[in-house]
Structure formats: C-alpha cells, structure tokens
Protein chains: 2
Amino acid sequence: MNKLAVVALGGNALLRGDQVGTIEEQEQNTTDTLENLVFLIREGYDLVLSHGNGPQVGNILMRNDAGESMYQIPQMPLDICVADSQGGIGYMIERMLRNVLNKHKINKEVVTLVTQVVVDKKDEAFLNPTKRVGKIYSKEDSEKISREKNWTFKEEVKVKDGWRRVVPSPKPVGIINEKVIRTLAKQGTIVIAAGGGGVPVYIDEKNDIRPAEAVIDKDFASSMLAARIGADEFYILTDVPFVYINYKKPEQEVKEFLNHQDTKKYLDEGQFSEGSMAPKIRACLQFIENGGSKSVITEAFKLEDRSFGTKITLDYED
Amino acid sequence: MNKLAVVALGGNALLRGDQVGTIEEQEQNTTDTLENLVFLIREGYDLVLSHGNGPQVGNILMRNDAGESMYQIPQMPLDICVADSQGGIGYMIERMLRNVLNKHKINKEVVTLVTQVVVDKKDEAFLNPTKRVGKIYSKEDSEKISREKNWTFKEEVKVKDGWRRVVPSPKPVGIINEKVIRTLAKQGTIVIAAGGGGVPVYIDEKNDIRPAEAVIDKDFASSMLAARIGADEFYILTDVPFVYINYKKPEQEVKEFLNHQDTKKYLDEGQFSEGSMAPKIRACLQFIENGGSKSVITEAFKLEDRSFGTKITLDYED
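What counts, and at which threshold
The written sequence of each chain sets the order in which its residues are numbered from 1. Numbering of ligands from 1 and lettering of chains from A proceed in the order in which they are written. In keeping with the predicted nature of the model, local features appear solely for residues at pLDDT of at least 70, side-chain atom pairs appear and are counted solely at 80 or more, and the whole-chain, interface and lining totals rest on all residues. Think of the side-chain values as coming from all heavy atoms in the structure, minus any hydrogens and water. Numbering of helices and strands runs from the N terminus, with a helix taken as a DSSP run of H or I at least four residues long and a strand as a DSSP run of E at least two residues long. A radius of gyration in this sense is built from C-alpha atoms; the matching globule rule multiplies 2.2 Å by the number of residues raised to 0.38. The buried label goes to any residue with under 20% of its type's maximum accessible area, the exposed label to any with over 50%, and the partly exposed label to all in between, with areas taken from a 1.4 Å probe on protein chains only. Note on contacts: a residue pair qualifies if any of its non-hydrogen atoms lie within 4.5 Å across the two residues. Pairing of N or O atoms within 3.5 Å defines a polar contact, subject to two protein rules: one partner must be a possible hydrogen donor and the other a possible acceptor, and residues neighboring in sequence count only if both atoms are side-chain atoms. Here the copies were fitted onto each other by least squares, based on C-alpha atoms from residues at pLDDT of at least 70 in both. The working definition used for a salt bridge is a side-chain nitrogen of Lys or Arg within 4 Å of a carboxyl oxygen of Asp or Glu. Here, any two strands with at least 2 DSSP bridges between them count as paired. In this analysis an axis means a line fitted to C-alpha atoms, helices contributing only their contacting stretch, and an angle means the value between N-to-C directions, from 0 to 180 degrees. Note on definitions: buried area is the accessible-area loss of two parts on being combined, 1.4 Å probe, summed for both. Centres within 6.5 Å make a pair out of two Phe, Tyr or Trp rings, where for Trp the six-membered ring is used; the pair is then stacked when the planes are under 30 degrees apart, edge-to-face when over 60, and tilted otherwise. The rule for a charge over a ring is simple: NZ of Lys or CZ of Arg within 6 Å of the ring centre, and within 35 degrees of the ring normal. Patches were defined on residues exceeding 30% relative accessible area and lacking a salt bridge, with like-charge contacts within 9 Å and nonpolar side-chain contacts (Val, Leu, Ile, Met, Phe, Trp, Tyr) within 5 Å. Only the protein chains shown count as cover for residues, and all accessible areas are computed by the Shrake-Rupley method using a 1.4 Å probe. Positive residues here are Lys and Arg, negative ones are Asp and Glu, while His and the chain termini are left out of the count. For the purpose of locating charges, the reference atoms are NZ of Lys, CZ of Arg, CG of Asp and CD of Glu. A helix is expected to span 1.5 Å for every residue after the first. Any angle that falls under 35 degrees is termed roughly parallel, while one over 145 is termed roughly antiparallel, one within 65 to 115 roughly perpendicular, and all others oblique. Any residue outside Ala, Val, Leu, Ile, Met, Phe, Trp, Tyr, Cys, Pro, Asp, Glu, Lys and Arg is labelled polar, Gly included; the first ten of those are nonpolar and the last four are charged. The score called pLDDT rates the predictor's confidence residue by residue, from a low of 0 to a high of 100.

*Asks:* Please clarify how the overall build of chain A should be interpreted in this entry.
*Replies:* Check the secondary structure of chain A and you find nine helices and 17 strands. Taken against the 2.2 N^0.38 rule, which gives 20 Å for 318 residues, the C-alpha radius of gyration of chain A at 20 Å falls within 12% of a compact globule. Overall, chain A is about 60 × 45 × 45 Å in size when its C-alpha atoms are taken along their principal axes. Within chain A, buried positions represent 61% of all 318 residues. A separation of at least 24 residues holds for 73% of the contacts in chain A among residues at least 6 apart in sequence.

Below you can see the structure in the form of structure tokens.
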C-alpha cells in the first residue's frame, strides 16, 4: 500500500516576503514549489497538501476595511475571510499542480476541499488574543472600532500610534472533513485541504457548528490532520533546508536527525524561536506523539534530495 | 439505487435584492433555503448543490478596487475572485447544511469542492463581452483603467457618466472535477460544487489549464454538471414558484408541466425574459437534451410540495 504524506506548504512556498503579492508572483512561486512534489509522487506517496494564507488573508482583511470605508460594503467576519482565502489559494495550487502533473505526464486527480477546523470555545487562547491581523489603526480609530465591532486591539511595537486587532489562536481539536480527506487521499487523489489552518469553528451545546473569530496555526492544524487521517509522514516546507541548534551563532549546528527526546530538550532550552521554528517543531512532535512515523522540516526545493531536511522520529534508527 | 439530483441555488436563496449583504442576512437566508432540501434527502435523493455568487463576487470586486485605491494592494484577477467567493459561500452553505442535517437527525457527509469550469477560448463570447461586473466608473477613469489593465467598458444605461467593466460569458464545455463530484455524490455525500458557475479556465495547446477572464452562467454550468455526472433531475431554485407564459399580462398562465417542444416554442416566441427566465429555461432544456429525465424550476420554499414547480421533460407523460 502507498505511504500517505501530509505536506504543509508555508513560508516562501506561495509568496515571498519581498514580493507585493501579484497573482503572477504567486503562480510562479507555487509552480516552483509544486515541481518538488513530483519526487514524492514518483516514489508512490499519496498526498494531502495544506498551505498557509498569511499574506493573502491579510490582503483580504485590508480589502474588507477599504470596501467598508469607500463603499459601505459590510465587512465579512474572519471565518468567511479565511474561507475566501482557501478558495482562491486552493484553486491556484490545484490548477498549478494539475499543470505540473501534465508536464510530467502523471495521471492523478486533484481536489480542493474547503475545510472547517474545530477549536474548543474553552481554549484559554480566547481569554488572551495574541495573533495580530489586518490593518494598523491609530489609537483613536482603534477605540472607535473596538466599541462598534467589539474587536480587541494591541499596540504595535514598531509603529508610532499604531494599534492592531488581535484574535485568539486556539489549538485545533478536530477536522470536520477528515473522513472524506482520508478516503480520497487513500484512493490516490491529491487533496488540498485545511488551508490557512482551516476555517475556525466550534461545536455548541446543540451540536451545531458555529464560526469562531480566531485563526488556527497552519502547522498545528496540518499536523493534527496528518495524525487523524493516519498519515505515515508529515512535511513542513519552509525557508530553511534544516533545523539548526544555536541558529545564527558561531556554534550553529545542522540537525539532520532528531528523536523526540532531544527535540523536546532543545525546545525547552529555547533553541527554536517562538515566532517561527518553535511552533513548527511542536507540530512535528505532536504528529509523532499521535502515531506518525516521521516529521520532516525542510525547504521545498530540497525535497528531491533525501540528504536534505531534518527528520524527526520517536527514536533514532540503529 | 438512489436518484441523483443537482440543485442550483439562486435568486433569493442566499441574499435578497433588498438586503445589504451582512453575514447574518446570508446565513439566515441560506438556512431557510436548505431546510427545504430535507424533503429531497428524506425521499432518498443523492444531492449536488451549486449556487450563484452575484452579490458576493460583486462585493469582492469592489473591495479589490478599494484595496488598490486605499492601500495599493494588487487586485486579483476574476478567476481568483470567483474562487474566493466559492470558498466563502461554499463554507457558509456547508456549515448551515450540516446544522440543518443535525437538527433533523440526518447523518450525511457534506463537502465543498472548489470547482474549475472549462470554456472554449474560441467561444465568440470572447469577441463580444457583455456581462457587467464590479464598480461603475466615470468615463475618464474607465479610459485610464482600460489603458492600464486592458479592461473593456460599456456605458451604463441608467447612470449619468457611468461606465462599467464588461467580461465575456462563454458557454461551459467541461468540469475539471466532474469524476470526483460524481463519485462522492453517488456514495451519498452531499457535494457543494461549481459555485458562481465555476472558476473560468480554458485548456491551452499544451493541455495546461489557464485562467479565463470571464464569468460563466451559474444555471448553464449547473445543468452541464448535472448531465455530465448522470444526474436524474435538475432543479433551479429561484424567486418564482412556477414558469409562466404571458408573464405579468392579463392572460398570464401557470405552466406546471412543459415538454421540450412546447418549451422551445415559448422560448422562440420570446415568452421568457432574457435577463432572467430565458437562460434558466435554456439550461433546463440542455439538461434533458443531454439525457436528464426532468428539469424543475421553482422557489426553494415550494420544494416539499410536489404540486409546485414547473417540470420540464422531453415528452408529456400519458
């Protein structure tokens, strides 16, 4: 039976920090990234792809603000904005992937599923929103909006009189569509799912699905999805070819293999930065704690060479 | 074996003309509409749902304009805007439908597929764009934008110094995901697909999928999808309980049953208005010409009473 891998596309995979975000840039980056999946497909892997949505949903939020200011068009809540971004990015990835497969004469179906990811309304993240989203406002405007829309704001460190909306980033606890995702992937269809960490929802006391004004970490949602669908391997494609300890210090050291215990130790020592590598490492650990055999962190462009990438397993192989 | 029906949600199903488009309005309308599908589900139908996106993609286009004006955020092309709308609307329909099923204790999976619909680049619609989209500009602004972005504009009839972008509305000729849609629906999963007529794409000489700056009629795309997946019945849910001849004249007549020949005759006589009922009638005829057994046009709220709705079949039953 084929191995099943979940691959989370992030960082430079779709849009680089030095780009403004035109569709041409996004399409080119996406194609370059997807070319590297051909290797996994040729090795016989079934694939589920997830992806980030940071710059894209940021732009959607800004457009919502602008549309309201200029044309009085009602702003959409965060769940709809994330769902919009899943539609647009998912379509782009699916189209580019179909063209990459066509080029390599690989006959595979690809589908994009709009994916709701469940969070717990009692998650303490809801008491302490930390994730900064959307436009930077002046103090005066932020106070006005806070009264009107009940949004929470925090001051920006680097911007004078800059205040930004903060939303909770709760842990994912379920994936609404996990059964369909697993079935399709096991049949050989490449499934694009859980984009942007998923559309955040919670289950109320009547068992109804309600929208949550929150964002979910993409790597955590992907790792949970990977475990839930019984994936064998979990890949996080990011901006660096390896995980390092003593990163950017004179004694920097590449780690090609890491077991659970050592990874946990480095994490506890603060070896991995909180805004960037630490959540990826936690997502990788979560996957192998929940039955996955291997998590890999690397650059998209290094996938075809197995000597690249940091492989995190429960134990070191003998 | 269960019968398979494709149901196109349009008109008042998601957003009414007298509403501004808040998410609360859309959620309530959607729930009210979906309640009426319970009848079909209880009768044992497998279901594929499609939906319009007119007001929503209109708002997305306006927000793109505003985001560029206020914050220099690059505008997304029409294919991405349609895909965004499929994400947002599809998610909303899926969530509301899951809650309706929960309320009625019906255990069914629901998925939302981002759907690309293929058009022919040689379709003569590309030579004569007619579909008005997005913001109304002044003549001066429209000429400037026309030079910058190569958009085509037409004058608005009812707006002084009003010019609006027009895009082609070519006929759908293929659905990229039709196999997966059929398989999932036949397994009993309710599939939401081909929203807004689908993300418009064409196939180039290298067999690559390219975006088309166009919009596809939702009822035509749904009718083609219905025929392609071998659906038995095709429903268009709209603002009127029946199709009429001599509509809004003293001799107005309800048509509960129509065969192909009579429908074609009324269409040729101009009984159905071009902006509204005529394309729906053509979509219904297309379905039964391609092997479907019955097309139905009615209001969502009349679905549970089979004496409502105009049924169009190849021949009248004896």
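*Asks:* Could you clarify how one ought to interpret the side chain of Asn 99 of chain B in this entry?
*Replies:* Secondary-structure assignment places Asn 99 of chain B in helix 4 (residues 78–103). Polar contacts involving the side chain of Asn 99 of chain B include one to the main-chain amide nitrogen of Ile 209 of chain A, which spans 2.7 Å. Apart from residues lying up to four places away in sequence, Asn 99 of chain B is in contact with Asp 208 and Ile 209 of chain A.

*Asks:* Sorry if this is basic, but what is going on with the relation of the copies chain A and chain B here?
*Replies:* Here two copies of a chain appear, and what relates them is a rotation about an axis with a shift along it. Mapping chain A onto chain B is achieved by rotating through 180° and translating by 0.0 Å along the same axis, at an RMSD of 0.0 Å. Given the turn and translation reported, the copies of this chain are related as if by a two-fold rotation axis.

*Asks:* Looking at this model, I keep getting lost on unusual backbone geometry. Mind explaining?
*Replies:* Residues and elements named next belong to chain A. With a phi angle near 75°, Asn 207 is a residue other than glycine that sits in the positive phi range. Among the structural elements, Asn 207 can be located in the loop between strand 10 (199–203) and strand 11 (209–211). Positive phi is not limited to glycine here, since Asn 246 has a value of about 55°.

*Asks:* Whenever I open this one, the pattern of salt bridges confuses me. Can you help?
*Replies:* Pairing of side chains with opposite charge becomes possible as their charged atoms draw close. Residue and element names in this part refer to chain A. A complete count under the given rule lists 40 salt bridges over all chains for this structure. With a shortest N-O distance of 3.4 Å, Arg 210 and Asp 208 are connected by a salt bridge. Classification of Asp 208 as buried rests on a relative accessible area of 9%. The structure contains a network of salt bridges with shared partners spanning Glu 94, Arg 98 and Glu 109.

*Asks:* Help me understand the sheet that holds strand 5 (residues 131–137) of chain A in this model?
*Replies:* Strand-to-strand pairing in sheets goes through backbone hydrogen bonds, with the strands running parallel or antiparallel. Residues and elements named next belong to chain A. The strand order 5-7-6 describes an open sheet built from three strands, whose pairing is antiparallel. Edge positions in the sheet fall to strand 5 and strand 6 (152–155), since each of these pairs with one other strand and no more. Put simply, the sheet's adjacent strands are angled 40° from each other on average, direction ignored. As judged from the four bridges shared by strand 6 and strand 7 (residues 163–167), these two strands associate in the antiparallel manner. Paired with Glu 155 across the strands is Trp 163, a residue of strand 7. Where helix 5 (residues 139–149) meets the sheet, it contacts strand 5, strand 6 and strand 7, and its direction lies at approximately 120° from that of strand 5.

*Asks:* Is there a simple way to explain the interface of chain A and chain B in this structure?
*Replies:* Many descriptions give the size of an interface as the accessible area lost when the pieces come together. Opposite the 55 residues of chain A that make contact, chain B presents 55 residues. Three residues stand out in chain A for area buried against chain B, namely Arg 63, Tyr 71 and Tyr 91 of chain A, and they jointly supply 16% of the buried area on that side. Here chain A and chain B share 26 residue pairs in polar contact (both at pLDDT 80 or more) between them. Going through the elements one at a time, helix 1 (23–35), helix 3 (54–71), helix 4 (78–103), strand 3 (110–112), helix 6 (178–186), strand 10 and strand 11 of chain A are the ones with two or more residues in the side of chain A that touches chain B. The element contributing the most residues to the side of chain A that touches chain B is helix 4 of chain A, with 13 residues.

*Asks:* Which parts of the structure should I look at to understand the side chain of Glu 156 of chain A?
*Replies:* All names here are of chain A. Relative to the elements of secondary structure, Glu 156 occurs in the loop between strand 6 and strand 7. By relative accessible area, which is 14% here, Glu 156 ends up buried. Of note is the side chain of Glu 156, whose polar atom sits 2.7 Å from the side chain of Arg 132. Sequence-distant contacts of Glu 156, that is, excluding residues within four places in its chain, are made with Arg 132, Ile 136, Gly 162, Trp 163 and Arg 164.

*Asks:* Could you clarify how one ought to interpret the packing of aromatic side chains in this entry?
*Replies:* Each pair of aromatic rings is reported with the distance of its centres and the angle of its planes. Overall, the coordinates contain 10 aromatic pairs over all chains when judged by the stated rule. For the ring pair Tyr 137 of chain A and Phe 153 of chain A, a centre distance of 5.8 Å and an interplane angle of 90° mean the geometry is edge-to-face. A residue pair is termed long-range when its members are at least 10 positions apart, and Tyr 137 of chain A in strand 5 and Phe 153 of chain A in strand 6 qualify at 16 residues. Accessibility assignment for this pair places Tyr 137 of chain A and Phe 153 of chain A in one class, buried. A centroid spacing of 5.3 Å and a plane angle of 25° characterise the contact between Tyr 244 of chain A and Tyr 247 of chain A, whose relative ring orientation is stacked. Residue classification places Tyr 244 of chain A among the buried residues on the basis of a relative accessible area of 13%. In this structure an aromatic cluster arises from ring pairing among Tyr 137, Trp 151 and Phe 153 of chain A. Its guanidinium or amino end placed over the ring of Phe 126 of chain B, Lys 121 of chain B lies 5.5 Å from that ring's centre, counting from NZ or CZ. The ring centre of Phe 257 of chain B lies 5.4 Å from the NZ or CZ of Lys 311 of chain B, which sits over that ring.

*Asks:* Could you clarify how one ought to interpret a negative patch on the surface in this entry?
*Replies:* On the surface, Glu 140, Asp 141, Glu 155 and Asp 161 of chain A cluster together into a negatively charged patch. Relative to the elements of secondary structure, Glu 140 of chain A occurs in helix 5.

*Asks:* How should I be thinking about helix 9 (residues 277–289) of chain B in this particular structure?
*Replies:* Residue pairs spaced three or four apart in an α-helix point in one direction, given the helix's 3.6 residues per turn. All names here are of chain B. With 13 residues, helix 9 extends 18 Å between its outermost C-alpha atoms, agreeing within 8% with the 18 Å of an ideal straight helix rising 1.5 Å per residue. The element helix 9 is extensively covered by neighbouring structure, given that 11 of its 13 residues are classed as buried. Close packing links the buried residues of helix 9 with helix 7 (218–228), strand 12 (233–238), strand 13 (243–245), helix 8 (260–269), strand 16 (294–299) and strand 17 (310–313). Count one or two residues on from helix 9 and you reach Gly 291, which has phi positive near 105°.

*Asks:* Sorry if this is basic, but what is going on with the packing of helix 3 of chain A against helix 3 (residues 54–71) of chain B here?
*Replies:* In a pair of packed helices, the angle between the axes and the distance between the axes together describe the arrangement. Two numbers describe how helix 3 of chain A lies on helix 3 of chain B: the axes approach to 7 Å, and their chain directions differ by 90°. It follows from the interaxial angle that helix 3 of chain A and helix 3 of chain B lie roughly perpendicular. Counting all contacts with helix 3 of chain A, which are made through Met 62, Arg 63, Asn 64, Asp 65, Ala 66, Gly 67, Ser 69, Met 70 and Tyr 71 of chain A, the residues of helix 3 of chain B involved are Met 62, Arg 63, Asn 64, Asp 65, Ala 66, Gly 67, Ser 69, Met 70 and Tyr 71 of chain B. Grouping the amino acids of the contact of helix 3 of chain A with helix 3 of chain B by side-chain chemistry returns eight nonpolar, six polar and four charged.

*Asks:* Could you clarify how one ought to interpret the sheet that holds strand 5 (residues 131–137) of chain B in this entry?
*Replies:* Residues and elements named next belong to chain B. Read from one edge of the open sheet, three strands run 5-7-6, paired in antiparallel fashion. For this open sheet the edge positions go to strand 5 and strand 6 (152–155), each flanked by a neighbour on one side alone. Averaged over all pairs of adjacent strands, the angle between their axes in this sheet comes to 40°, without regard to strand direction.

*Asks:* Before we go on, may I ask you to explain the confidence of the model for chain A in this structure?
*Replies:* Low-pLDDT stretches of the model should not have their predicted coordinates read in fine detail. Across chain A, the average pLDDT comes to 94, with 99% of residues at or above 70. Confidence estimates for the predicted assembly give a pTM of 0.96 and an ipTM of 0.96.

*Asks:* What is the right way to read the packing of helix 7 of chain B against helix 9 of chain B from this model?
*Replies:* All names here are of chain B. Across the interface, helix 7 lies against helix 9 with an axial gap of 9 Å and an inter-helix angle of 10°. With respect to each other, helix 7 and helix 9 are oriented roughly parallel. Contacts from Asp 219, Phe 220, Ser 223, Met 224, Ala 226 and Ala 227 of helix 7 reach helix 9 at Pro 279, Lys 280, Arg 282, Ala 283, Gln 286 and Phe 287. Here the contact of helix 7 with helix 9 is built from residues that sort into seven nonpolar, two polar and three charged.

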